[in-house]
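The lines below spell out each chain.
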Amino acid sequence: MPELPEVEVTRERIAPALVGRRIAAVHTTRTSYFFLTPPERLRERLCGRRALDLERVGKYLVAPLDDGRRLVLHLGMTGQLFAEGVSSVRLLSATVRAALAPEEQRAFAPDAHTHLRLAFEDRGPALIFRDVRKFGKVLLLEPGEKTVRLERLGVDALRASGAELYAAARKRTAPIKNLLLDQSVIAGAGNIYADEALFLTGVRPTRGARRLTRRQCDALATALQRVLRRSIETGGSSISDYVAPDGRDGAYQDERRVYAREGQPCHACGTQIRRVVIGQRSAHYCPRCQA
Ligand SMILES: [Zn+2]
């Protein structure tokens, strides 16, 4: 699932393909839970509009338009946002991939999973939002309209301070890992980066949030920012279906210390990394380095 770094990398790379270009045509698939705004309304209201900017709010992308409306996009589990003409084998299914000769494997043509395609007046590359599992979301907000999806988000994980984390942690008996994943407390952090930050802080994901000291919260906030920034620098983590908008793969997965490394030796002490399930989510930690 794309987390803050993947969404931020998407924002950085997709902004030039969207911002300032006048939309000439809007193609969608049929009405489905993918569309929080009905597709016919999107087609009608996006035509002729221009995005003034592309911002990230938690794991959402928000494009303010020149008519005061805002286009809100969420990548969900398997959403892929990219400019037409980009090539990546990740955009093809494994079976399709296997049937193609290597030199044919890279081209992408809009398919049944291409739920939103914006064509522009300048006739340059279209913008494509593709999502195989359709957990992604498209929402068009009227001028001044608010949505609980954005309103309920806590402080952005890239700006969360130790003091804010400590204030939230003191009220919780739940494991610290749950607190880090709660988007209403810290927006944007997810499973990978929460596990990595907890490792760097030497705190087990199962530790009750209330039992963290102020100093540990400071260290945890710093570690979280560090892993998120490093991941953005390396292009995010290329896991499951995430594809950077220009087809490049991210490289952060190569730097993981604990996430999805169950049974492998800890880079710091050699002890086998463990996996536990907290709530519905798995957490990974080193039993020796993390207390
Ligand atoms: Zn260790």
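Every value quoted in this text rests on a predicted model; they were computed, and no experiment measured them.

1. Digging into the coordination of the zinc ion
The zinc ion binds to the protein through Cys266 (SG), Cys269 (SG), Cys286 (SG) and Cys289 (SG), with metal-donor distances spanning 2.2 to 2.4 Å. Bound by four donor atoms, the zinc ion shows angles of 100 to 113° at the metal and therefore tetrahedral coordination geometry. For the zinc ion, all donor residues lie on one chain, and their spacing in sequence is C-x2-C-x16-C-x2-C. Taken as a pair, Cys266 in the loop between helix 8 (214-233) and strand 11 (274-278) and Cys286 in the segment after strand 12 (281-285) lie far apart in primary sequence, 20 residues in all.

2. Here we look at the sheet that holds strand 7 (residues 127-131)
The antiparallel open sheet is built from four strands, whose spatial order is 1-6-7-5. Two strands bound the open sheet, and with one partner strand each, they are strand 1 (23-28) and strand 5 (79-83). Strand-to-strand twist in this sheet, taken as the mean axis angle between neighbours without regard to direction, amounts to 10°. Bridge count between strand 6 (residues 114-120) and strand 7: four bridges; the pairing is antiparallel. Among the inter-strand pairings, Thr114 is bridged to a residue of strand 7, identified as Arg130. Each of strand 5, strand 6 and strand 7 is contacted by helix 1 (residues 4-18), which is oriented at about 45° to strand 5, the strand it contacts most. Strands in contact with helix 2 (residues 39-46) are strand 1 and strand 6; relative to strand 1, the strand with the most contacts, it is inclined by about 170°.

3. Considerations on the packing of helix 1 against helix 8
At a closest axis distance of 9 Å, the pairing of helix 1 and helix 8 adopts a crossing angle of 40°. By the angle between their axes, helix 1 is oblique relative to helix 8. Once helix 1 is placed against helix 8, the crossing between them reads as right-handed. Here Leu4, Pro5, Glu6, Glu8, Val9 and Glu12 of helix 1 come into contact with helix 8, specifically with Leu228, Ser231 and Ile232. In the contact of helix 1 with helix 8, the residues fall into five nonpolar, one polar and three charged.

4. A few points about the packing of aromatic side chains
Tallying each qualifying case throughout the model produces two aromatic pairs. Geometrically, the ring pair formed by Phe34 and Phe35 is edge-to-face, given 5.1 Å between the ring centres and 85° between the ring planes. Taking relative accessible area as the criterion, Phe35 reaches 7% and is therefore assigned buried. Pairing Phe34 with Phe129 gives two aromatic rings, centres 5.0 Å apart and planes at 65°, and the pair type is edge-to-face. Of the two residues, Phe34 is situated in the loop between strand 1 and helix 2 and Phe129 in strand 7; the sequence distance between them amounts to 95 residues. The residues Phe34 and Phe129 share a single accessibility class, namely buried. An aromatic cluster of three or more residues is present, and its members are Phe34, Phe35 and Phe129. The ring of Tyr33 has Lys134 sitting right over it, with the charged end atom 5.2 Å from the ring centre.

The rules behind these values
- Residues numbered from 1 in each chain as written.
- Predicted model: local features only at pLDDT ≥ 70, side-chain atom pairs only at ≥ 80, totals over all residues.
- Heavy atoms only, no water.
- Donors = N, O, S within 2.8 Å, 3.2 Å for Na, K, Ca; no water.
- Tetrahedral: all angles 85-135°; square planar, octahedral: opposite > 155°, others 65-115°.
- Helix = DSSP H or I, 4+ residues; strand = E, 2+ residues; numbered from the N terminus.
- Pairing = 2+ DSSP bridges.
- Axes fitted to C-alpha atoms, helices over the stretch in contact; angles between N-to-C directions.
- Contact = heavy atoms within 4.5 Å.
- Parallel < 35°, antiparallel > 145°, perpendicular 65-115°, else oblique.
- Left-handed = near helix turned anticlockwise from the far one by under 90°.
- Nonpolar A, V, L, I, M, F, W, Y, C, P; charged D, E, K, R; others polar.
- Phe/Tyr/Trp six-rings, centres within 6.5 Å; stacked < 30°, edge-to-face > 60°.
- Buried < 20%, exposed > 50% of the residue type's maximum accessible area, 1.4 Å probe, protein only.
- Lys NZ or Arg CZ within 6 Å of the ring centre and 35° of its normal.

Any functional reading would require information that these geometric values do not contain.
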